[in-house]
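# Chains, contacts and geometry: an overview
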Amino acid sequence: MHLSKEIQKRLNELDTNLKLATTIYGDYPEKYAFNESFTRRFSAKTITNINTFSLVIFERNERLKYDYCFARAIFTDLSRLVSVIDLWIDKEQDIKEIKNGFDELELFVDFDFKNSNIDIDEAWTKIKNIFFGKENFWEELEWQNKYLEMLRVAKQNKYFEYYFPYTSHFWLRFSSTKTIKTINLSDYFISACCDANQGNYCVSIACELENAIYFNTPQECLDYAYENYYKDNLLI
């Protein structure tokens, strides 16, 4: 199945104004589909050859400076996937209303506790939301659970309460300022490990995983990173 062409065909049958995006060569992509001309967006992807598809729906938010993901889903019925796209983008329905008719949808849920600093709290939401809406969100579920546990524990860690979190390659770092002016490649990063043979979490320096120090819990990992690096060397 040519995914973009089939979705566009079904959208046309719903009398929607939505037109899918094409590649830089002017062709509709075969295994994935997306749109660009609306504030509300979606991306869909063929997962297998037996009619299984992923869907991520989000909104381009200029204030937040990133694409805020509202929901994601796995569909085995393409007609239902297309209906969600139509309701979200063309009909502009609220995501909770759409969820009522589509159990496939998993809505984004923010942390259940807040940081007293609004800007720091939004930085944590950004990290969790970008992770929630990542491509291939259905893969490596064990690692994803460890990563989310790392974020949960880190946000509550007393040592980092007043610092801004940020990530690269899903490596967690901290800054003492809202605007990250420089990224020091020699600084520490904290990460959840895909291979748990050495540990579930690690602290590394200079992006060299071969020199990483491993821990079983995120709390041990964060405490070590703070005492041995961040306490005296937070970026400014």
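Our subject is the structure that appears above.
Everything in this summary refers to the structure shown in the same document. Remember, it's a predicted structure, so these values are computed and weren't measured experimentally. (Residues numbered from 1 in each chain as written. Predicted model: local features only at pLDDT ≥ 70, side-chain atom pairs only at ≥ 80, totals over all residues. Heavy atoms only, no water.)

### Here's the deal with the packing of helix H5 (residues 141–156) against helix H6 (residues 218–233)
- Put simply, H5 and H6 touch, their axes get as near as 9 Å, and they point 55 degrees apart. One finds that H5 runs oblique with respect to H6. The hand of the H5/H6 crossing is right-handed. Seen from H5, the contacting residues are Glu149, Met150, Val153 and Ala154; seen from H6, they are Pro218, Gln219 and Leu222.
- Across the contact of H5 with H6, the residue classes break down as five nonpolar, one polar and one charged. (Axes fitted to C-alpha atoms, helices over the stretch in contact; angles between N-to-C directions. Helix = DSSP H or I, 4+ residues; strand = E, 2+ residues; numbered from the N terminus. Parallel < 35°, antiparallel > 145°, perpendicular 65-115°, else oblique. Left-handed = near helix turned anticlockwise from the far one by under 90°. Contact = heavy atoms within 4.5 Å. Nonpolar A, V, L, I, M, F, W, Y, C, P; charged D, E, K, R; others polar.)

### Quick look at the packing of aromatic side chains
- What the rule picks out here adds up to 24 aromatic pairs.
- With a centroid separation of 5.8 Å and an interplanar angle of 80 degrees, the aromatic rings of Tyr147 and Phe170 are classed as edge-to-face. Placement of Tyr147 in helix H5 and of Phe170 in the loop between strand S6 (164–168) and strand S7 (171–175) is noted, with a sequence separation of 23 residues between them.
- What makes Tyr147 buried here is its relative accessible area of 0%.
- Using a relative accessible area of 26% as the deciding quantity, one classes Phe170 as partly exposed.
- Seen in terms of ring centroids, Tyr229 and Tyr230 are 5.4 Å apart; in terms of plane orientation they differ by 80 degrees. Their pairing is edge-to-face. Just as Tyr229 is buried, Tyr230 falls in that class too.
- Members of the aromatic cluster, connected to one another through ring pairs, are Phe111, Phe113, Trp124, Tyr159, Phe160, Phe174, Tyr226, Tyr229 and Tyr230.
- In this arrangement the basic side chain of Arg40 is found over the ring face of Trp88, its NZ or CZ atom lying 3.9 Å from the centre. (Phe/Tyr/Trp six-rings, centres within 6.5 Å; stacked < 30°, edge-to-face > 60°. Buried < 20%, exposed > 50% of the residue type's maximum accessible area, 1.4 Å probe, protein only. Lys NZ or Arg CZ within 6 Å of the ring centre and 35° of its normal.)

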